[in-house]
Amino acid sequence: MKRPAWLPDSLVLMLLATVLLATVLPVQGRGVAVLDVVTQIAVALLFFLHGSKLPRQAVLEGLLHWRLHTLVFAATFVLFPLLGLALRPVFEPWLGATLYLGVLFICVLPSTVQSSIAFTSLARGNVAAAMCSASTSNILGMVLSPLLMTLLSHWVGAGGAGEVHLSWHTVEGIAGSLLLPFIAGQVLQRWTGPWVSRHKSLVRINDQGTILLVVYSAFSAATVEGLYRHLPLSQLAGVLVCCAVLLAVVMTLLTFLSRRLGFSREDEIAIVFCGSKKTLASGVPMAQILFVGQPLGLLVLPLMLFHQMQLMVCASLAKRYARQAPAAAAAASAAAAG
């Protein structure tokens, strides 16, 4: 039976089910400590497997296309944060300090890997460049995202309840849970890489399972603390509008700049998809480390909504690019012949 086009993707449905479960049956008492340990192990395994499956040769080859990667990284780590700050006078009064901080967190995150490559391939774009940009973005994001989040939180409200402090504990958490497992995966890639390639379904299950664990933990804490009882529908609508504005502005600018700077159609596709997307797989575990003692459920809510929105928009755009591909190829051939 064909999946209805209007139905959200499987991960989104599982996220909704997890949020519902955390609302009805939140983890409490000793279960919180057990869940924390299980989640830490799952996160470390997640980044170890990412390190094992990321082909180093593709990264080295892709780095040669420096103009494309510079534009993608500038969009990911410069344009998005600047937009988040520029729109603060509108976003923060509407959303409140905590949800606005969650929107800022979206702005500092690296690009997705799997979906950026998949959409670029579907749209018949430069897959090799997309693989390099998205992968390198995730590597840089392990360092840049926490630093940017710290700087932005200080900028928007020094001393506020939502301020992020890049303490030794935070650095240790990021290094131990994210960076070291990733490096270990790269070092052992010769042995672990083939196994990961043969068991892609298990890797995908680990990716999604880790996200669900962190989301369940975050939303359980939010339920126990009664945070969602105080979340008006106007604020939820505000988060959706803010996510839509960020995505629309960045995608429009990247399309314009790609054409203005003379990139090919294939490169434009890779730039638009890699530069406009934000990772949920790395973002949720990172939030757990950065926002210790803060309302994590509310802070990751904007990211969850942005994730679904970017999937829906990019799927539609990729299909549109694919439909236009034959006409674009014919026009390019005619121009070359002329």
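None of these values were measured; they are calculated from a predicted model.

Chemist: Please explain the overall build of the protein as it appears in this structure.
Modeler: A tally of helices and strands in the protein yields 15 helices and zero strands. The buried share of the protein, reckoned over its 338 residues, is 50%. Restricting to contacts in the protein with at least 6 residues of sequence separation, those with at least 24 account for 86%. Only carbon and sulfur atoms are counted for the fraction: they give 70% of the accessible area of the protein, which is about 16,000 Å².

Chemist: Can you walk me through unusual backbone geometry in this structure?
Modeler: Working note: non-glycine residues mostly have negative phi, and peptide bonds are mostly trans. The backbone of Arg-124 sits at a positive phi, close to 65°, despite the residue not being glycine. Locating Arg-124 in the fold gives a position in the loop between helix H7 (114-122) and helix H8 (127-157). Given a relative accessible area of 48%, Arg-124 falls into the partly exposed group.

Chemist: Looking at this model, I keep getting lost on the packing of helix H12 (residues 233-260) against helix H13 (residues 265-276). Mind explaining?
Modeler: If you want to describe how two helices pack, look at the angle between their axes and the distance between the axes. Contact pair H12 / H13: the axes reach a minimum separation of 9 Å and the direction vectors enclose 155°. Taken together, the axes of H12 and H13 are roughly antiparallel relative to one another. Of the two elements, H12 crosses H13, and the hand of that crossing is right-handed. Contact residues: Leu-247, Val-250, Met-251, Leu-254, Thr-255, Ser-258 and Arg-259 in H12; Glu-268, Ile-271, Val-272, Gly-275 and Ser-276 in H13. Of the residues contributing to the contact of H12 with H13, the split by class is six nonpolar, four polar and two charged.

Chemist: Would you explain the nonpolar core in this entry?
Modeler: A general trend in soluble globular proteins is that nonpolar side chains are found buried together. Formed by 82 residues in total, the largest nonpolar core has its most connected members in Phe-105, Met-149, Phe-219, Leu-246, Phe-273, Phe-291 and Met-304. Looking at this core, the element that brings in the most residues is helix H15 (residues 296-337), giving 14 residues.

Chemist: How do you make sense of the side chain of Ser-133 when you look at a structure like this?
Modeler: Here Ser-133 is to be found in helix H8. Judged by its relative accessible area of 0%, Ser-133 is buried. For Ser-133, the side chain forms a polar contact with the side chain of His-69, separated by 2.5 Å. Sequence-distant contacts of Ser-133, that is, excluding residues within four places in its chain, are made with Leu-68, His-69, Val-72, Phe-73 and Cys-274.

Chemist: Would you mind going over the environment of Met-286 with me for this structure?
Modeler: Mapped onto the elements, Met-286 comes out in helix H14 (residues 280-290). With 144 residues separating them in the primary sequence, Met-286 and Met-142 have C-alpha atoms 8.4 Å apart.

Chemist: For this particular structure, what's the right way to read the environment of Thr-279?
Modeler: In this structure, Thr-279 sits in the loop between H13 and H14. When the C-alpha atoms of Thr-279 and Leu-303 are compared, they prove to be 8.5 Å apart, with 24 residues separating the residues in sequence. Residues within four places of Thr-279 in sequence aside, it is in contact with Leu-109, Pro-110, Ser-111, Thr-112, Asn-138 and Leu-303.

Chemist: Which parts of the structure should I look at to understand the packing of aromatic side chains?
Modeler: Tallying each qualifying case throughout the model produces four aromatic pairs. Ring centres of Phe-80 and Phe-306 lie 6.3 Å apart, and the angle between their planes is 80°; this geometry places the pair in the edge-to-face category. Here Phe-80, found in helix H4 (residues 66-86), pairs with Phe-306, found in helix H15; they are 226 residues apart in sequence, far enough to count as distant. Taking the centre distance of 5.9 Å and the plane angle of 35° together, the rings of Phe-119 and Phe-273 count as tilted. One end of the pair, Phe-119, is in helix H7; the other, Phe-273, is in helix H13, and 154 residues separate them in sequence. This pair shows no difference in class: Phe-119 is buried, exactly as Phe-273 is. Chaining the aromatic ring pairs together yields one cluster made of Phe-119, Phe-273 and Tyr-321. It is Arg-67 that lies over the ring of Phe-263; its NZ or CZ is 4.5 Å from the centre.

Chemist: When you look at the packing of helix H2 (residues 30-53) against H14 in this model, what are you seeing that I'm missing?
Modeler: Direction vectors running N to C along H2 and H14 enclose 140°, while the axes themselves pass 11 Å from each other. If you check the angle between H2 and H14, you find them oblique. Here H2 runs over H14; the crossing is left-handed. Across the interface between the two elements, Asp-36, Thr-39, Val-43, Leu-46 and Phe-47 of H2 pack against Ala-281, Ser-282, Pro-285 and Gln-288 of H14.

Parameters at a glance
- Residues numbered from 1 in each chain as written.
- Predicted model: local features only at pLDDT ≥ 70, side-chain atom pairs only at ≥ 80, totals over all residues.
- Heavy atoms only, no water.
- Helix = DSSP H or I, 4+ residues; strand = E, 2+ residues; numbered from the N terminus.
- Buried < 20%, exposed > 50% of the residue type's maximum accessible area, 1.4 Å probe, protein only.
- Contact = heavy atoms within 4.5 Å.
- Areas by Shrake-Rupley, 256 points an atom, 1.4 Å probe, with all protein chains shown as cover.
- Axes fitted to C-alpha atoms, helices over the stretch in contact; angles between N-to-C directions.
- Parallel < 35°, antiparallel > 145°, perpendicular 65-115°, else oblique.
- Left-handed = near helix turned anticlockwise from the far one by under 90°.
- Nonpolar A, V, L, I, M, F, W, Y, C, P; charged D, E, K, R; others polar.
- Core = buried A, V, L, I, M, F, W, Y, C linked by side-chain atoms within 4.5 Å.
- Polar contact = N/O pair within 3.5 Å; in protein donor to acceptor, adjacent residues only side chain to side chain.
- Phe/Tyr/Trp six-rings, centres within 6.5 Å; stacked < 30°, edge-to-face > 60°.
- Lys NZ or Arg CZ within 6 Å of the ring centre and 35° of its normal.

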